[in-house]
Amino acid sequence: MTEDAARAARRWHEDGLTELVAGCASGLAGAIVLVAASTSSGLDLATALVIGLVAALVVGWAGNRLAGMARRRYVYPRVDNVAPRPRFPESRGSALATSGVMAFLVIAMFVAPPAPTSLPWTPALQGLLLGVFLRYLGRTLKVTRFSALALFSAVVGGAGSLSGVGQTVGNGAYFGLVGLALALSGLLTLRRYFASTHLP
């Protein structure tokens, strides 16, 4: 790995390509699950999730290859021409909001029917798990958008479970909406990155 590539790898969160790829993969998985729920395909949730996961892995693999090519051509040459963005600590209000939503979901899963191990709660569990991971990234890297995405993931996951739309629709909507949010975040970050840098 060249020095430019190593520097870009350490600052992977500045160009938004990783979020863009992850968002497209998640959105595809959500679309497959929703199609299975809205048609007479006869697919159950488990089968739809497996198909969606395989499709997401293929898209993720291909997307990462394309992102690597794009980084080598457009990002690595710009690394020396842009200073690292200032990192801002997570605001207390954002931290309290994210923690509050996550705590509410945990309490709801143990108080409201059905039991927390049943499938209708899987969107909430997925929202919590991804939310915790994104919140960790946000705090570690001091990148505000990851903390915002963590809150969004928790809210969408909780809504998918508590809205009563059903397990298949809830899971599909969660993957689709979170994928859309990740892709939009990646696109806006990439646009801002290109606007603030230049090729040598």
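If you're wondering where the values come from, they're calculated on a predicted model, not measured in any experiment.

A. A look at the overall build of the protein chain. A count of helices and strands for the protein chain gives seven helices and zero strands. As displayed, the protein chain offers around 10,900 Å² of accessible surface, 71% of which is attributable to carbon and sulfur atoms.

B. Up close: the nonpolar core. Judged by nonpolar contacts, Leu134, Leu137, Leu141, Val143, Phe146, Leu149, Ala150, Val156, Tyr174, Val178, Ala181 and Leu182 together constitute the single largest core of 12 residues. Looking at this core, the elements with two or more residues in it are α5 (122–141), α6 (144–162) and α7 (167–196). In contact with Tyr174, other than residues within four places in its own chain, are Pro123, Gln126, Gly127, Leu130, Ser153, Val156 and Gly157. Membership of the second largest hydrophobic core comes to six residues, among which are Leu17, Val21, Leu190 and Tyr193.

C. Local environment of the environment of Ser38. Here Ser38 shows up in helix α2 (residues 17–38). C-alpha separation for the pair Ser38 and Val169, spaced 131 residues apart in sequence, amounts to 8.4 Å.

D. The arrangement of α5 in detail. The end-to-end C-alpha distance of α5 is 28 Å, a good match for the 28 Å that 20 residues give at a rise of 1.5 Å each. Of the residues making up α5, those classed as buried are Thr122, Pro123, Ala124, Gly127, Leu128, Gly131, Leu134, Arg135, Leu137, Gly138 and Leu141. Phi turns positive, to about 55°, at Lys142, one or two residues after α5.

E. Representation of the packing of aromatic side chains in the model. Under the counting rule described, the total for this entry stands at two aromatic pairs. Ring centres of Tyr174 and Phe175 lie 5.6 Å apart, and the angle between their planes is 65°; this geometry places the pair in the edge-to-face category. Of note, Arg145 hangs over the ring of Phe146, and the distance from its end group to the ring centre comes to 4.8 Å.

F. Spotlight on the environment of Trp61. If you trace the backbone, Trp61 turns up in helix α3 (residues 45–75). Trp61 gets classed as exposed once you look at its relative accessible area, which sits at 56%. In sequence terms Trp61 and Ala25 are 36 residues apart; their C-alpha atoms lie 9.3 Å from each other.

G. Just unusual backbone geometry, in detail. Its identity is not glycine, yet Lys142 carries a phi of approximately 55°, on the positive side. By the element assignment, Lys142 lies in the loop between α5 and α6.

H. Representation of the packing of α2 against α7. Look at α2 against α7: their axes get within 6 Å of each other, and the N-to-C directions meet at 155°. Looking at the two axes, α2 sits roughly antiparallel to α7. Between α2 and α7 lies a crossing of left-handed hand. Here the residues of the contact of α2 with α7 are counted per class, giving 16 nonpolar, 10 polar and one charged.

I. Spatial organisation of the side chain of Asn171. Tracing the backbone through its elements, the reader meets Asn171 in helix α7. Among the polar contacts made by the side chain of Asn171, one reaches the side chain of Gln126 at a distance of 3.3 Å.

J. Examining the packing of α6 against α7 more closely. Their axes nearest at 9 Å, the elements α6 and α7 cross at an angle of 165°. Classed by the angle they form, the pair α6 and α7 counts as roughly antiparallel. The element α6 and its partner α7 pack so that their crossing is right-handed. Seen from α6, the contacting residues are Arg145, Leu149, Phe152, Ser153, Val156, Gly157 and Gly160; seen from α7, they are Gly170, Ala173, Tyr174, Leu177, Val178, Ala181, Leu182, Ser185, Thr189 and Arg192. For the contact of α6 with α7, the residue count by class is nine nonpolar, six polar and two charged.

K. Spatial organisation of a nonpolar patch on the surface. Judged by side-chain polarity, Leu34, Val165 and Val169 come together as a nonpolar surface patch covering roughly 200 Å² of accessible area. For Val165, a relative accessible area of 43% gives the class partly exposed.

Quick notes on the rules
Residues numbered from 1 in each chain as written. Predicted model: local features only at pLDDT ≥ 70, side-chain atom pairs only at ≥ 80, totals over all residues. Heavy atoms only, no water. Helix = DSSP H or I, 4+ residues; strand = E, 2+ residues; numbered from the N terminus. Areas by Shrake-Rupley, 256 points an atom, 1.4 Å probe, with all protein chains shown as cover. Core = buried A, V, L, I, M, F, W, Y, C linked by side-chain atoms within 4.5 Å. Buried < 20%, exposed > 50% of the residue type's maximum accessible area, 1.4 Å probe, protein only. Contact = heavy atoms within 4.5 Å. Expected span 1.5 Å × (residues − 1). Phe/Tyr/Trp six-rings, centres within 6.5 Å; stacked < 30°, edge-to-face > 60°. Lys NZ or Arg CZ within 6 Å of the ring centre and 35° of its normal. Axes fitted to C-alpha atoms, helices over the stretch in contact; angles between N-to-C directions. Parallel < 35°, antiparallel > 145°, perpendicular 65-115°, else oblique. Left-handed = near helix turned anticlockwise from the far one by under 90°. Nonpolar A, V, L, I, M, F, W, Y, C, P; charged D, E, K, R; others polar. Polar contact = N/O pair within 3.5 Å; in protein donor to acceptor, adjacent residues only side chain to side chain. Patch = residues over 30% accessible without salt bridge, like charges linked within 9 Å, V, L, I, M, F, W, Y side chains within 5 Å. Salt bridge = Lys/Arg side-chain N within 4 Å of Asp/Glu carboxyl O.

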